[in-house]
Amino acid sequence: QVQLVESGGGLVQPGGSLRLSCVASGTDTSRGVWAWFRQAPGEQRELVATLYPNDRAEHASSVKGRFTISRDNSKNTVYLQMTDLKLEDTAVYYCNVIASGNGYWGQGTQVTVSA
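Now for a quick tour of the structure.

Quick notes on the rules
Residues numbered from 1 in each chain as written. Predicted model: local features only at pLDDT ≥ 70, side-chain atom pairs only at ≥ 80, totals over all residues. Heavy atoms only, no water. Helix = DSSP H or I, 4+ residues; strand = E, 2+ residues; numbered from the N terminus. Contact = heavy atoms within 4.5 Å. Polar contact = N/O pair within 3.5 Å; in protein donor to acceptor, adjacent residues only side chain to side chain. Salt bridge = Lys/Arg side-chain N within 4 Å of Asp/Glu carboxyl O. Buried < 20%, exposed > 50% of the residue type's maximum accessible area, 1.4 Å probe, protein only. Pairing = 2+ DSSP bridges. Axes fitted to C-alpha atoms, helices over the stretch in contact; angles between N-to-C directions.

## Regarding the environment of threonine 90
Next, step 1: Residue placement: threonine 90 occurs in the loop between strand 8 (77–82) and strand 9 (91–99).
Next, step 2: Along the chain, threonine 90 and arginine 45 lie 45 residues apart, while their C-alpha atoms are 12 Å from each other.
Next, step 3: Ignoring any residue separated from it by four or fewer positions in sequence, one finds threonine 90 in contact with Ala40, Gln110, Val111, Thr112 and Val113.
Next, step 4: In this structure the side chain of threonine 90 is engaged in a polar contact, spanning 2.9 Å, whose partner is the backbone nitrogen of valine 113.

If you want it as structure tokens, here you go:
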């Protein structure tokens, strides 16, 4: 059974930082495509960042320069380092991986940016 478990969300002030983690079990993700999505209340889920097996990364324009996606294949883990957080970054963040032809989602972790 494949599971993705996210952690690292929480409450942070504007300008602060958080690092999200997503650990996969039950499948080898070393050749997978990882992504982070987020969904704010009343909004559609949006793609935040993507990381390809060759370590090429793409980030949404709204987070470019502030967020960084990375991976540790030895730990089957992907990270999202978030800096200079803004009120509009408040959302539930989900990790996603496409591995061995299948897509998997984590359960989500809440990130709240508030003064």
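## Section: the pattern of salt bridges
Next, step 1: One pass over the full model with this rule turns up 5 salt bridges.
Next, step 2: Note that arginine 66 and aspartate 89 form a salt bridge whose closest N and O atoms lie 2.7 Å from each other. Placement of arginine 66 in the loop between strand 6 (57–59) and strand 7 (67–72) and of aspartate 89 in the loop between strand 8 and strand 9 is noted, with a sequence separation of 23 residues between them. Like aspartate 89, arginine 66 is buried.
Next, step 3: A salt bridge links aspartate 84 to lysine 86; its shortest N-O distance comes to 3.5 Å.
Next, step 4: Judged by its relative accessible area of 38%, aspartate 84 is partly exposed.
Next, step 5: Here lysine 86 falls in the partly exposed class, since its relative accessible area comes to 31%.
Next, step 6: Salt bridges sharing common partners tie together Arg38, Glu46, Arg66 and Asp89.

## So, the environment of threonine 50
Next, step 1: For threonine 50, the location among the structural elements is in strand 5 (residues 46–51).
Next, step 2: A C-alpha to C-alpha distance of 5.7 Å links threonine 50 and tryptophan 34, two positions 16 residues apart in sequence.
Next, step 3: If we skip the residues at most four places from it in the chain, threonine 50 touches Val33, Trp34, Ala35, Arg56, Ala57, Glu58 and Ile69.

## A few points about the sheet that holds strand 8
Next, step 1: The sheet built from 4 strands is open, its strands ordered 1-3-8-7 with antiparallel pairing. Of all strands in the sheet, those bounded by a partner on one side alone are strand 1 (3–7) and strand 7. Going across the sheet, the axis of each strand differs from the next one's by a mean of 15°, ignoring polarity.
Next, step 2: Two elements, strand 7 and strand 8, share 6 bridges in a ladder whose sense is antiparallel. Looking at strand 8, one finds that threonine 68 is bridged to glutamine 81.

## Some details on the pairing of strand 7
Both faces of the sheet carry side chains from a regular strand, because those side chains alternate between them.
Next, step 1: Residue alternation in strand 7 divides its side chains into a buried set, Phe67, Ile69 and Arg71, and an unburied set, Thr68, Ser70 and Asp72.
Next, step 2: Connecting the antiparallel pair strand 7 and strand 8 is a turn made up of 4 residues, with asparagine 76 showing a positive phi of about 55°.

Everything listed here is a matter of geometry and, on its own, says nothing about what the molecule does.
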